[in-house]
Amino acid sequence: MTAAPSGAQADARWRHLGVSLVGLVAACAIQNGLPFLTVALRAEGLSLAAIGLLVSAPTAGLVLSLLAWGAAADRYGERLVLSAGLGTAATAMTGAALAGTPVATGLWLLLAGAGSASVHAASGRLVLGWFPASQRGLAMGIRQAGQPIGVGVAALTLPRLAADGPATAFAALAAGCAVAAVLIGVLVRDPPRPARTPGVPRPSSPYRSPVLWRVHAASTLLVVPQFVVAAFSFDFLVREAGWSAGGAGTLLAVAQLGGAAARLGAGAWSDRAGSRVGPMRLVAVAVAVVVGVLAVAAVLTPDVLEPAAVAAAVVLAAVVTVSPNGIAFTSVAEQAGSAWAGRALGAHNTVQNLSAAVTVPLAALLVEGGPGYPAAFAAGAVAAALAVGVVPGRAVEASSRGAARAADPAPSR
């Protein structure tokens, strides 16, 4: 990356980060906020298994489109990809609001997920392009805070908007994506790219190193507890712990603020540590512990634990399970380098969201088909424990990151 010549470019970094954050909030409210419509969808006569399919439809759309969006961002730039994707998502959510059948709703939600997937590949490239390595962990943590903030906004608003049916909630999500698309079109500029040196071959694939593969795999495992908690905490609090829909939504909205703060803290920690994978491993340990505690709490609910104690376990799990995402994204972007960042981030999101798309319906079957919430939460804890051993070591990370820097001829900002 070319060096920043003035304070004006430093200001531009934070403007781009802020706009990227708005886009991610709008996208994640669609991708991860639909579980807060569970009560409204039940009122429409749908089973929990059918609701699980609708909730996972945006995630399936992500899986189908992320690699294409990443390649487009590498080739055509971030601004075009972000605006086009969020515009598509806004159109699709409008279609979902007007749909008359669950099948039509699901197809529109699938398209909304495919459009909103653009944010994950392209906004990560903005952070890589506008921020130096010494600030990337924090910047990516701020950017990744869009996920829990988006979920928090959804938790606070969607149950209330859906009081008379989910259509109003879908329309509000469409409006959020439309606003974000306009802001990006007006305020975002693609960062300068490394100059090509005549006769120098393009950087080779970063997938020759095992680091990216292991970061992808560990993050895929950590998606399981994140999405089990995100998808079923609301229904668990309402059905098992005696919370009202509005109260549970408000509680989980507050929890998402804690999740956003946890991502910022994890990113800043990785900047200070000079490593992404060391903090990531310790966070994976924490995820395994707190989701295991939630599984035990689910066993003891409602006969032994008071609703307040159950809520505390849910909030802690909601905060901790989202904290490793920013570190992993930063690691992927740095290992890939500027020439491969869009595709690598697209691949990273693809495997994560494929895991999420499978996790939610299977966990719904566990909840509704017999073992119940304790089994679903326990499965998340086991997946996090497996991730601890998959995270690569710091020595391997350092050698691989050095190779990526050598392949990228321009200095960092």
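Residues numbered from 1 in each chain as written. Predicted model: local features only at pLDDT ≥ 70, side-chain atom pairs only at ≥ 80, totals over all residues. Heavy atoms only, no water.

### Remarks on helix H11 (residues 245-273)
Filter applied, for reference: Each helix is a run of H or I in the DSSP string that is no shorter than four residues. Each strand is a run of E no shorter than two, and both are numbered from the N terminus. Take the residue count of a helix, subtract one, and multiply by 1.5 Å to get its expected span.
Spanning 29 residues, H11 covers 41 Å between terminal C-alpha atoms, matching the ideal 42 Å at 1.5 Å per step. Phi turns positive one or two residues past the end of H11, at Gly 274, with a value near 70°.

### Points about the side chain of Asn 325
For clarity, the cut-off: By the convention used here, residues are in contact when the closest approach between their heavy atoms is within 4.5 Å.
Inspection of the secondary structure puts Asn 325 in helix H14 (residues 325-336). In this structure, Asn 325 is in contact with Gln 144, Gln 226, Arg 263 and Gln 352, ignoring residues within four places of it in sequence.

### A few points about the domain arrangement of the protein
Reports of interface size often rely on the accessible area that becomes lost once the parts have come together. Filter applied, for reference: All the domain ranges listed were derived from an automatic or database domain assignment. Note on definitions: buried area is the accessible-area loss of two parts on being combined, 1.4 Å probe, summed for both. For this document, the term salt bridge refers to a Lys or Arg side-chain nitrogen within 4 Å of an Asp or Glu carboxyl oxygen. For the purposes of these results, a polar contact is taken to be a pair of N or O atoms within 3.5 Å, where, inside protein, one atom must be able to donate a hydrogen and its partner to accept one; residues adjacent in sequence count only when each atom of the pair is a side-chain atom. Each residue gets one of three labels, nonpolar for Ala, Val, Leu, Ile, Met, Phe, Trp, Tyr, Cys and Pro, charged for Asp, Glu, Lys and Arg, and polar for the others, Gly among them.
In terms of domain boundaries, the protein breaks down into domain 1 (9-187) and domain 2 (209-403). Centre-to-centre, using C-alpha coordinates, domain 1 lies 19 Å away from domain 2. Contacts between the two partners involve 48 residues from domain 1 and, on the opposite side, 51 residues from domain 2. Taking both partners together, domain 1 and domain 2 bury about 3,800 Å²; carbon and sulfur atoms supply 68% of that area. Between domain 1 and domain 2 we count 3 salt bridges in total. Taking the shortest distance from any N to any O, the salt bridge between Glu 334 and Arg 136 comes out at 3.6 Å. Where domain 1 meets domain 2, there are 5 residue pairs in polar contact (both at pLDDT 80 or more). Those elements giving two or more residues to the side of domain 1 that touches domain 2 turn out to be helix H2 (38-43), helix H3 (48-76), helix H6 (118-130), helix H7 (133-144) and helix H8 (146-161). Per-element tally for the side of domain 1 that touches domain 2: the top contributor is H3, with 15 residues. In terms of residue class, the side of domain 1 that touches domain 2 is made up of 26 nonpolar, 16 polar and 6 charged.

### So, the pattern of salt bridges
Going by this rule: Relative accessibility thresholds used throughout: buried, under 20% of the residue-type maximum; exposed, over 50%; partly exposed, between the two (1.4 Å probe, protein chains only).
Considering all chains together, one arrives at 6 salt bridges under this definition. The shortest N-O distance in the salt bridge between Arg 42 and Asp 235 comes to 3.7 Å. Linking Arg 42 in helix H2 with Asp 235 in helix H10 (residues 210-239), this pair joins segments that are 193 residues apart in sequence. Residue Arg 42 is classed as partly exposed on the basis of its relative accessible area, which comes to 28%. Put simply, Arg 136, Asp 271, Arg 276 and Glu 334 are held in one network by salt bridges that share partners.

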